[in-house]
Amino acid sequence: LVSVLSSKLPELGELILERCVLAFRRAYGRRDAPAASAAAAFLAHLVNQGVAHEILALQILTLLLEDPATDDAVALAVHFVREAAAGLQALTPRGLNAVMERMRAVLQGGALGARVQYSLE
C-alpha cells in the first residue's frame, strides 16, 4: 500500500520513511526491543517495495552489528535480514554478503547468548 501511495505521491512515501526511521532510532536508543523490531520490519518492507534505498538497510545492519554487538542488537539484525534478504539479494548481493560475513564474525566471537547464537545459525 505504501509503495502504491509513494508512486502517486512521492512526498507521502518520503514522510512515512522519515517517520519510520525516526521511530527506529528512538526505539533503538531507548533499547525498546519490541518497538525497534516493529520499525525495523517496516523499514525492511519499505526496502523490499522500493520505497527506501538499499543503502538504508545496509546502514541499519552496520549499526546493529557494530563492535561490541549485543544480544538484542544481533537478534534485531537477524530479524531485519530475514525480512529484507530477498530485496537485498536482488539489489546489492555484495552488500548482503558483507553483512553475512560480519554476522559470521560475530558468531565466531562467542560473546553471544545461546538463544541469539541459535537464531543466528
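**A look at the environment of Leu65**
Looking at the element boundaries, Leu65 is found in the loop between helix H4 (54-64) and helix H5 (71-91). For the pair Leu65 and Phe80, spaced 15 residues apart in the sequence, the C-alpha separation amounts to 12 Å. If we ignore the near neighbours within four places in the chain, the residues touching Leu65 are Val74, Ala77, Val99, Arg102 and Met103.

**Structural notes on the nonpolar core**
Counting 37 residues, the largest nonpolar core has Phe24, Leu43, Val74, Phe80 and Met103 as the members making the most contacts within it. With nine residues, H5 is the single largest residue contributor to this core. Apart from the residues within four sequence positions on either side, Phe80 is in contact with Ala40, Leu43, Ala44, Ala57, Ile60 and Leu61.

**Digging into unusual backbone geometry**
For Arg31, which is not a glycine, the phi torsion comes out positive at approximately 60 degrees. Its place among the elements puts Arg31 in the loop between helix H2 (10-30) and helix H3 (33-49). Residue class for Arg31 comes out exposed when judged on its relative accessible area of 64%.

Calculation notes
Residues numbered from 1 in each chain as written. Predicted model: local features only at pLDDT ≥ 70, side-chain atom pairs only at ≥ 80, totals over all residues. Heavy atoms only, no water. Helix = DSSP H or I, 4+ residues; strand = E, 2+ residues; numbered from the N terminus. Contact = heavy atoms within 4.5 Å. Core = buried A, V, L, I, M, F, W, Y, C linked by side-chain atoms within 4.5 Å. Buried < 20%, exposed > 50% of the residue type's maximum accessible area, 1.4 Å probe, protein only.

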